[in-house]
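Architecture and fold: a report
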Amino acid sequence: MEPVREVEGRAIPFGLKNVDTDVIIPARWLKTVTREGLGRGAFETVREDPANVFDQPEFAGAPILIAGDNFGCGSSREHAAWALLDLGVRAVIAPSFSDIFSGNAFKNGILTVALPQAAVDRLLEVATTDPITIDLEHQTVTTPFQDRFTFEIDPFRKHCLLGGLDEVALTLARDSQIAAYEARLAADRPWLARGTAVPA
Amino acid sequence: MASKPRTLFEKIWDEHVIERRDDGTCLIFIDRHLVHEVTSPQAFEALRLNGRTVRHPELTLAVPDHNLPTTARIDAQGNRVPIADIESRDQLAALERNAPAFGVRYFGATAREQGIVHVVGPEQGFSLPGTTIVCGDSHTAAHGGVGALAFGIGTSEVEHVLATQTLLLREWKSMEVRVEGELGPGVSSKDLILHIIGAIGTAGATGHAIEYRGKVFEDMSVESRLTVCNMSIEGGARAGMIAPDETTFAYLKGRPFAPKGAEWDQAVAYWRTLHTDPGARFDKTVTIQAADVEPTVTWGTSPEDTVAIGGVVPDPASFADPSKQKAAQASLDYMGLAPGQRMDAVEVQNVFIGSCTNSRIEDLRAAADVLRGRHKAPGVKWAIVVPGSGLVKEQAEAEGLDKVFTEAGLEWREPGCSACLGMNPDKVPPGERCASTSNRNFVGRQGPGARTHLVSPAMAAAAAVTGRLTDVRELV
């Protein structure tokens with residue numbers, strides 16, 4: 001994962017509430033065996049309307065998306081995060097996010113910035129004409145009009161994003177702790193540790 | 001020292017903590033990992049690229065479900081029928097290659113054990129009480145029906161679990177959904193969970209693990225509990241669970257991967273400790289009166305858009321929240337419905353009985369009880385029944401349910417996710433309605449332009465008979 005420090009640029013003022021993962025990437029796009037190329041299917045149903053915000057020239061390649069409450073609800077498909085990445089989105093600002101989506105976004109270096117509705121409304125307004133800056137280090141969102149909003153982020157996630165860390169490698173470094181747990185499990189609950197290897 | 005009273009969720013969580021970091025993040029051991037073809041190819045590929053292996057193949061079980069067509073898989077000559085859609089075929093082939101390459105037990109497309117991953121797990125006794133269960137699918141919450149802490153994960157997490165058998169997580173808050181009283185006749189577990197989601201909203205349980213409590217759940221079969229827990233994610237919860245009890249133990253005993261002999265007794269002794277202690281505190285409690293639950297349908301494009309079958313389509317202006325007003329209006333435009341319209345007058349052209357929510361034998365029996373001796377209405381063009389697994393299919397056929405369905409004019413199919421989501425050939429045509437026993441009524445979920453009304457199996461069967469959304473209690 002590439003380190004993430006700052007996301008700066010135009011923001012797509014989408015604003016809709018309860019945007020589900022079927023809206024972000026419909027199921028027919030999930031048949032891929034790679035992570036690339038899903039931008040074509042991103043927000044497909046929304047983009048059937050020629051006046052949709054995603055296809056306005058000023059938002060081409062915009063790195064930020066602004067949405068309403070509960071963004072990314074529904075399925076666990078990480079394709080939603082991959083589709084946003086492929087579209088060029090590096091950060092999503094919304095009042096709240098679904099748990100699974102924000103986890104998937106994080107694993108792909110996409111910032112999910114939760115701000116109060118009033119702040120989101122102000123950013124939606126700014127986004128129609130001007131760029132927005134998200135500073136992860138200082139946990140701020142700023143505009144050219146001196147707006148400054150601070151956001152919370154899980155310290156571990158921040159650490160991983162700033163350092164571009166590979167979480168699997170970090171966990172594999174805890175091998176002795178995992179092995180100790182496994183040994184205890186095998187001794188205390190052998191029936192659980194067997195899994196599919198049960199005797200007939 | 002007397003220990004602090006704990007919830008069921010806290011007991012299972014604590015038992016699985018390998019390490020608790022200073023910032024509150026926990027490294028959690030994962031007991032069971034279910035894998036299907038859609039969310040795993042990139043994870044296996046990443047293992048390969050990094051020279052990593054599956055740490056515990058025996059704690060992993062793979063089965064294809066989302067892409068598989070539900071038409072015959074073996075032709076008259078005994079050969080496998082090729083899958084026409086090239087992308088689906090490639091994705092299925094990837095799992096068929098990856099599972100043996102990484103030593104993972106695999107129930108392939110033509111195995112009698114094959115089925116929807118969330119039907120297969122409990123049915124095989126792979127999903128057990130007190131375990132942590134994950135799968136790259138949000139409906140993994142279903143396995144909470146056997147008293148497990150089960151939750152959906154993304155592909156990066158699938159890779160993490162394959163490589164380490166762990167996940168790094170921050171402990172969720174706990175939420176009690178308490179249902180008081182008893183359900184009325186003709187009201188099912190599906191009606192109850194739709195009603196609950198309508199009450200709490202799609203984000204009502206975000207950040208929480210739900211425990212469903214009350215006599216209603218104690219009286220329920222394990223299959224009904226699986227239906228309830230399955231849809232926890234539609235209320236925003238990663239996990240939903242019901243404490244294991246004698247009903248759970250009787251359900252699991254003798255299943256292929258369940259403990260045997262003396263180990264069974266050890267397991268049950270442990271499972272009996274898995275309940276919320278008196279005095280334990282939940283972060284949030286919602287109380288529902290069972291008597292308020294009617295056979296329930298959805299009118300919009302979010303699972304929270306529920307209404308009793310005797311009700312009408314709501315007026316978007318009736319919602320307090322302006323963004324919900326806007327969303328409701330967009331839903332009605334998509335659904336082709338107008339405020340005040342009676343739900344039981346809405347005509348359907350399609351009926352789907354299946355999905356990880358409602359494709360178990362009990363669901364098929366409930367549908368068959370309504371359809372027996374009846375025929376689908378002329379206006380219903382397409383009606384299919386898709387059993388959740390090959391074993392459910394065998395059982396249904398042994399009971400003659402397949403005949404009930406086909407004599408009623410419904411199609412009897414092979415197991416898979418089918419028309420729950422538009423990834424395989426089973427789709428609802430644009431602009432048409434479907435009474436569906438699945439879990440999501442999102443825009444385009446059952447195919448581009450498809451209009452979904454979520455219902456119980458008995459209600460789907462009733463809609464097939466009358467050609468409109470119907471209160472099943474009028475037919476029994």
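What counts, and where the lines are drawn
Residues numbered from 1 in each chain as written. Chains lettered and ligands numbered in written order. Predicted model: local features only at pLDDT ≥ 70, side-chain atom pairs only at ≥ 80, totals over all residues. Helix = DSSP H or I, 4+ residues; strand = E, 2+ residues; numbered from the N terminus. Buried ≥ 20, exposed ≤ 12 C-beta atoms within 10 Å, placed from the backbone. Contact = placed C-beta atoms within 7 Å. Rg over C-alpha atoms; globule rule 2.2 N^0.38 Å. Pairing = 2+ DSSP bridges. Nonpolar A, V, L, I, M, F, W, Y, C, P; charged D, E, K, R; others polar. Axes fitted to C-alpha atoms, helices over the stretch in contact; angles between N-to-C directions. Parallel < 35°, antiparallel > 145°, perpendicular 65-115°, else oblique. Left-handed = near helix turned anticlockwise from the far one by under 90°. Expected span 1.5 Å × (residues − 1). Domains from an automatic or database assignment. Right-handed = clockwise from strand over helix to strand, strands pointing away. Core = buried A, V, L, I, M, F, W, Y, C linked by C-beta atoms within 7 Å. pLDDT = per-residue confidence, 0-100.

Some remarks on the overall build of chain A
Scanning chain A for helices and strands turns up 8 helices and 8 strands. Seen through its principal axes, chain A has C-alpha atoms that stretch 65 × 40 × 25 Å. Per-residue burial over chain A gives 47% buried out of 200 residues. Look at the contacts in chain A between residues 6 or more apart in sequence, and 70% of them connect residues 24 or more apart.

Regarding the overall build of chain B
The helix and strand inventory of chain B stands at 15 helices and 19 strands. Taken over C-alpha atoms, the radius of gyration comes to 22 Å for chain B, in line with the 23 Å a tight globule of 476 residues would show. Its C-alpha atoms put chain B at 60 × 60 × 45 Å along the principal axes. The burial tally for chain B puts 60% of its 476 residues in the buried class. The long-range share in chain B, meaning contacts at least 24 apart out of those at least 6 apart in sequence, stands at 76%.

Focus: the sheet that holds strand 3 (residues 32-35) of chain B
Residues and elements named next belong to chain B. An order of 5-4-3-6-7 is seen for the 5 strands of this open sheet, with the pairing classed as parallel. Of all the strands in the sheet, the pair left with one neighbour each is strand 5 (105-106) and strand 7 (149-152). Where strand 3 lies against strand 6 (residues 132-135), 3 bridges are found, and the strand directions are parallel. Considered in strand 6, the bridge of His-33 is made with Val-134.

Let's talk about the interface of chain B and chain A
Taken together, the contact between chain B and chain A spans 64 residues of the former and 50 residues of the latter. Elements with a minimum of two residues in the side of chain B that touches chain A: strand 1 (17-20), strand 2 (25-29), helix 2 (41-49), helix 3 (86-101), helix 5 (155-164), strand 8 (166-170), helix 10 (261-271) and helix 11 (322-335) of chain B. The element best represented in the side of chain B that touches chain A is helix 5 of chain B, accounting for 7 residues. When grouped by side-chain class, the residues that make up the side of chain B that touches chain A number 21 nonpolar, 27 polar and 16 charged.

Re the packing of helix 2 of chain B against helix 5 of chain B
Residues and elements named next belong to chain B. Following both chains from N to C, one finds helix 2 and helix 5 inclined at 50°, their axes separated by 8 Å at the closest point. As the angle between them shows, helix 2 and helix 5 are arranged oblique. Note on packing geometry: the crossing formed by helix 2 with helix 5 is right-handed. Contacts between helix 2 and helix 5 involve Gln-42, Ala-43, Ala-46 and Leu-47 on the former and, on the latter, Thr-155, Val-158, Glu-159, Leu-162 and Ala-163.

Focus: helix 7 (residues 175-188) of chain A
Relative to the 20 Å expected for 14 residues at 1.5 Å per residue, helix 7 of chain A spans 20 Å between its end C-alpha atoms, a close match to the ideal helical length. Burial analysis of helix 7 of chain A places just 1 of its 14 residues in the buried class, a small minority of the element.

Looking at the domain arrangement of chain A
Per the domain assignment, the segments making up chain A are domain 1 (6-165) and domain 2 (166-200). Taking only C-alpha atoms into account, the centre of domain 1 of chain A sits 36 Å from that of domain 2 of chain A.

Some remarks on the pairing of strand 15 (residues 350-353) of chain B
Residue and element names in this part refer to chain B. Residue alternation in strand 15 divides its side chains into two sets, Asn-350 and Phe-352 and Val-351 and Ile-353, and both sets are buried. In the sheet, strand 15 pairs with strand 16 (residues 382-385) via 4 bridges, with the strands oriented parallel. Considered in strand 16, the bridge of Asn-350 is made with Trp-382. With helix 12 (residues 361-371) bridging strand 15 and its parallel neighbour strand 16, the resulting β-α-β unit is right-handed. Taken together, the 3 bridges between strand 15 and strand 18 (residues 433-436) define a ladder with parallel strand orientation. Residue pairing in the sheet places Val-351 in a bridge with Ala-435 of strand 18.

A look at the nonpolar core
Counting residues in each nonpolar core, the largest one holds 200 residues, and the members touching the most others are Ile64(A), Ile66(A), Ile93(A), Val351(B) and Ala367(B). In terms of residue count, the dominant contributor to this core is helix 15 (residues 457-466) of chain B (8 residues).

Considering the confidence of the model for chain B
Scored by pLDDT, chain B has a mean of 97; 100% of the residues are at 70 or more. Here the predicted complex carries an ipTM of 0.94, next to a pTM of 0.96.

Quick look at the domain arrangement of chain B
Residue and element names in this part refer to chain B. With domains assigned, chain B is organised as domain 1 (23-169), domain 2 (171-292) and domain 3 (297-474). Computed from C-alpha atoms alone, the centre-to-centre distance between domain 1 and domain 3 is 27 Å. With 22 residues of domain 1 in contact, the opposing surface of domain 3 contributes 22 residues. When residues of the side of domain 1 that touches domain 3 are assigned to their parent elements, the largest contribution, 4 residues, is made by helix 4 (residues 117-123).

Here's the deal with the environment of Arg90(A)
Residue and element names in this part refer to chain A. Mapped onto the fold, Arg-90 is located in the loop between helix 2 (79-87) and strand 4 (91-94). Arg-90 gets classed as buried once you count the C-beta atoms within 10 Å, which come to 23. Separated by 84 residues in sequence, Arg-90 and Glu-6 have C-alpha atoms that sit 9.5 Å apart. The contact partners of Arg-90, leaving out residues within four places of it in the chain, are Val-7, Pro-63, Ile-110 and Leu-111.

Re the packing of helix 6 (residues 189-200) of chain B against helix 8 (residues 222-230) of chain B
All names here are of chain B. The interhelical angle for the contact between helix 6 and helix 8, taken along N-to-C directions, is 20°, at an axis separation of 9 Å. Classified by the angle their axes make, helix 6 and helix 8 are roughly parallel. Between helix 6 and helix 8 the crossing geometry is right-handed. Contacts between helix 6 and helix 8 pair Ser-189, Lys-190, Leu-192 and Ile-193 from the former with Ser-224, Thr-227 and Val-228 from the latter. Looking at the contact of helix 6 with helix 8 residue by residue, the classes come out as 3 nonpolar, 3 polar and 1 charged.

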